[in-house]
Amino acid sequence: YQNVADAEPVIIIGAGPAGMFAALKLLMRGFKPVILERGKDVHARKFDMAKLSTEGVVNPDSNYCFGEGGAGTFSDGKLYTRSSKRGDIREVLHQLVRFGANPSILIDAHPHIGSDKLPLVVENIRNCIVEHGGEYHFDSRVTDIVKRPDGAFDVTVKSLDAGDNEGTPTIYTSRKVILATGHSARDIYEMFDRKGWEIQAKGFALGVRVEHPQSLINKIQYHGKYQPEMPTAEYSFVTQVLDRGVFSFCMCPGGILVPAATSEGELVLNGMSNSKRNSKWANSGVVVQIEPEDFPEYAKY
């Protein structure tokens with residue numbers, strides 16, 4: 001990583017996994033990452049998540065999806081993928097170890113850090129970026145992006161910090177902007193629509209979270225021979241129903257369900273596991289692939 005305090009800035013919108021690793025790559029290339037994140041840092045966002053879990057009160061800018069590290073910080077952080085042609089996965093794993101993850105993730109078939117360990121890793125990544133001259137701006141929701149005649153971009157940010165001057169907008173300028181906002185930032189999609197910028201429809205997987213006793217999964221997977229010193233069992237399945245792929249996703253052995261809503265009136269569940277995977281419960285997403293052509297009447301949106 002290079003010292004980029006005086007280098008050309010590149011604005012990154014979103015401090016989730018894509019934003020963090022984009023920032024690290026910029027440090028390697030000699031650019032200054034300026035990260036704008038609508039949510040809070042890993043410590044402050046815990047209070048908003050606790051309120052959501054215990055009282056059902058959603059902070060639309062600080063929750064299980066929005067905040068430093070994104071959704072992955074507090075919902076498991078499994079590190080394996082069916083996609084193996086999109087980049088150097090080991091580079092990511094080595095960096096995570098550098099920032100505090102257990103070195104076992106370099107050799108495990110299904111590497112996993114754990115939601116109890118990830119906040120420190122995420123914080124260490126931020127400290128590295130700042131120490132090398134990058135910037136982080138929390139409580140900073142992007143409300144507008146304007147391309148100037150000279151080709152640079154003006155990014156308008158509304159401060160969500162109650163201590164700031166009534167949310168007076170701040171404008172950041174850069175020749176390059178990386179949009180790493182995640183799928184839940186609906187206001188960004190609406191901004192694209194207002195400006196007439198192209199948005200491409202994409203297929204996605206839709207489904208439910210299922211929960212089982214972990215002892216049941218251990219019994220099935222170990223054929224009744226499970227012993228306490230054995231790893232907590234996991235599973236995966238893929239099948240075809242009416243010519244559609246139906247499959248398990250993000251299986252969390254010894255995990256718990258967490259409320260992942262980002263606005264009032266939603267009921268959205270995600271799953272996570274702590275590093276020891278010692279909960280009495282297992283959960284998994286069971287999803288079916290949905291394609292844009294399934295809903296042609298939505299094309300106008």
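Cut-off values and rules
- Residues numbered from 1 in each chain as written.
- Predicted model: local features only at pLDDT ≥ 70, side-chain atom pairs only at ≥ 80, totals over all residues.
- Heavy atoms only, no water.
- Helix = DSSP H or I, 4+ residues; strand = E, 2+ residues; numbered from the N terminus.
- Buried < 20%, exposed > 50% of the residue type's maximum accessible area, 1.4 Å probe, protein only.
- Areas by Shrake-Rupley, 256 points an atom, 1.4 Å probe, with all protein chains shown as cover.
- Pairing = 2+ DSSP bridges.
- Axes fitted to C-alpha atoms, helices over the stretch in contact; angles between N-to-C directions.
- Core = buried A, V, L, I, M, F, W, Y, C linked by side-chain atoms within 4.5 Å.
- Parallel < 35°, antiparallel > 145°, perpendicular 65-115°, else oblique.
- Contact = heavy atoms within 4.5 Å.
- Nonpolar A, V, L, I, M, F, W, Y, C, P; charged D, E, K, R; others polar.
- Arc of directions from axis to C-beta.
- Phe/Tyr/Trp six-rings, centres within 6.5 Å; stacked < 30°, edge-to-face > 60°.
- Salt bridge = Lys/Arg side-chain N within 4 Å of Asp/Glu carboxyl O.

Peer 1: Can you walk me through the overall build of the protein chain in this structure?
Peer 2: A count of helices and strands for the protein chain gives six helices and 13 strands. In terms of overall dimensions, the protein chain has C-alpha extents of about 65 × 50 × 40 Å along its principal axes. When each of the 301 residues of the protein chain is scored for burial, the buried share is 40%. In the structure as shown, the protein chain presents an accessible area of about 17,100 Å², 55% of it carried by carbon and sulfur atoms.

Peer 1: Help me understand the sheet that holds strand β7 (residues 177-179) in this model?
Peer 2: Sheets are built from strands that pair by backbone hydrogen bonding, the pairs being arranged parallel or antiparallel. Taken in spatial order, the four strands line up as β3-β2-β1-β7 in an open sheet, and their pairing is parallel. The sheet is open, and its two borders are formed by β3 (135-137) and β7, each paired with just one other strand. Averaged over neighbouring strand pairs, the angle between their axes works out to 20° when direction is ignored. Here strand β1 (residues 9-13) runs beside β7; their pairing, made up of three bridges, is parallel.

Peer 1: It is not clear to me how the nonpolar core should be interpreted in this structure. Could you clarify?
Peer 2: For soluble globular proteins, the rule of thumb is that nonpolar side chains tend to be buried together. If you look at the biggest cluster of nonpolar residues, it comprises 26 residues, and the most contacted ones within it are Ile 12, Leu 24, Ile 35, Leu 96, Ile 125 and Ile 129. Listed by contribution, the elements that provide at least two residues to this core are β1, α1 (17-29), α3 (89-98) and α4 (118-131). Judged by nonpolar contacts, the second largest core, of 16 residues, contains Ile 13, Leu 36, Phe 66 and Ile 145.

Peer 1: How should I be thinking about the packing of α1 against α3 in this particular structure?
Peer 2: Each pair of packed helices gets described by two things: the angle between the helix axes and the distance between those axes. In contact at an axis separation of 12 Å, α1 and α3 are set at 90° when each is read in the N-to-C sense. Taken together, α1 and α3 sit at an angle that is classed as roughly perpendicular. Contacts between α1 and α3 pair Phe 21, Leu 24, Lys 25 and Met 28 from the former with Glu 91, Val 92, Gln 95 and Leu 96 from the latter. Among the residues forming the contact of α1 with α3, the class breakdown is five nonpolar, one polar and two charged.

Peer 1: I'm lost on the environment of Phe 74 in this one. Help?
Peer 2: Summarising the element assignment, Phe 74 is placed in the loop between α2 (45-55) and α3. Residue classification places Phe 74 among the buried positions, given a relative accessible area of 9%. Sequence spacing of Phe 74 and Lys 300 is 226 residues, and the spatial spacing of their C-alpha atoms is 35 Å. Those residues within four positions of Phe 74 in sequence are excluded, and the remaining contacts are Val 42, Arg 45, Lys 46, Met 49, Tyr 64, Ser 115, Pro 119 and Met 272.

Peer 1: What exactly am I supposed to notice about helix α6 (residues 214-221) here?
Peer 2: Since one α-helical turn is 3.6 residues long, residues separated by three or four positions face the same way. Among the residues of α6, Gln 214, Ile 217 and Asn 218 are the ones counted as buried. Buried residues of α6, seen end-on, are gathered within an arc of 100° and therefore sit on one face of the element. In α6, those exposed residues whose orientation departs by more than 90 degrees from the buried face are Ser 215 and Lys 219. Here the buried face of α6 lies against β8 (204-213) and β13 (281-290). Immediately beyond the C-terminal end of α6, within one or two residues, lies His 223, with a positive phi of roughly 55°.

Peer 1: It is not clear to me how the sheet that holds β8 should be interpreted in this structure. Could you clarify?
Peer 2: One open sheet holds the four strands; their spatial order is β8-β13-β10-β9, and the pairing between them is antiparallel. Among the strands making up the open sheet, the edge pair consists of β8 and β9 (238-241). Each adjacent strand pair in this sheet contributes to an overall mean axis angle of 30°, direction not counted. Pairing of strand β10 (residues 244-252) with β13, which is carried by five bridges, proceeds in the antiparallel orientation. Residue pairing for β13: Phe 247 is matched across the bridge by Val 287. Against the sheet, α6 engages β8 and β13, with an angle of about 95° to β8.

Peer 1: I'm lost on the packing of aromatic side chains in this one. Help?
Peer 2: Centre-to-centre distance and the angle between the planes together describe a pair of aromatic rings. Counted according to the given criterion, the structure contains four aromatic pairs. Both rings, one in Phe 192 and one in Trp 197, keep their centres 4.9 Å apart while their planes meet at 90°; by these two values the pair is edge-to-face. Both rings, one in Tyr 222 and one in Tyr 226, keep their centres 5.4 Å apart while their planes meet at 45°; by these two values the pair is tilted. Since its relative accessible area comes to 27%, Tyr 226 is described here as partly exposed.

Peer 1: Mind showing me how you'd approach the pattern of salt bridges here?
Peer 2: Where charged atoms from two side chains of opposite charge come close, those side chains can pair. Per the counting criterion, the structure on display carries 14 salt bridges. As a salt-bridge pair, Asp 48 and Lys 40 come within 2.9 Å of each other at their nearest N and O atoms. Its relative accessible area of 24% is what places Lys 40 among the partly exposed residues. Overlapping salt bridges, with partners in common, bring together Arg 38, Asp 61, Arg 141 and Asp 187 in one network.

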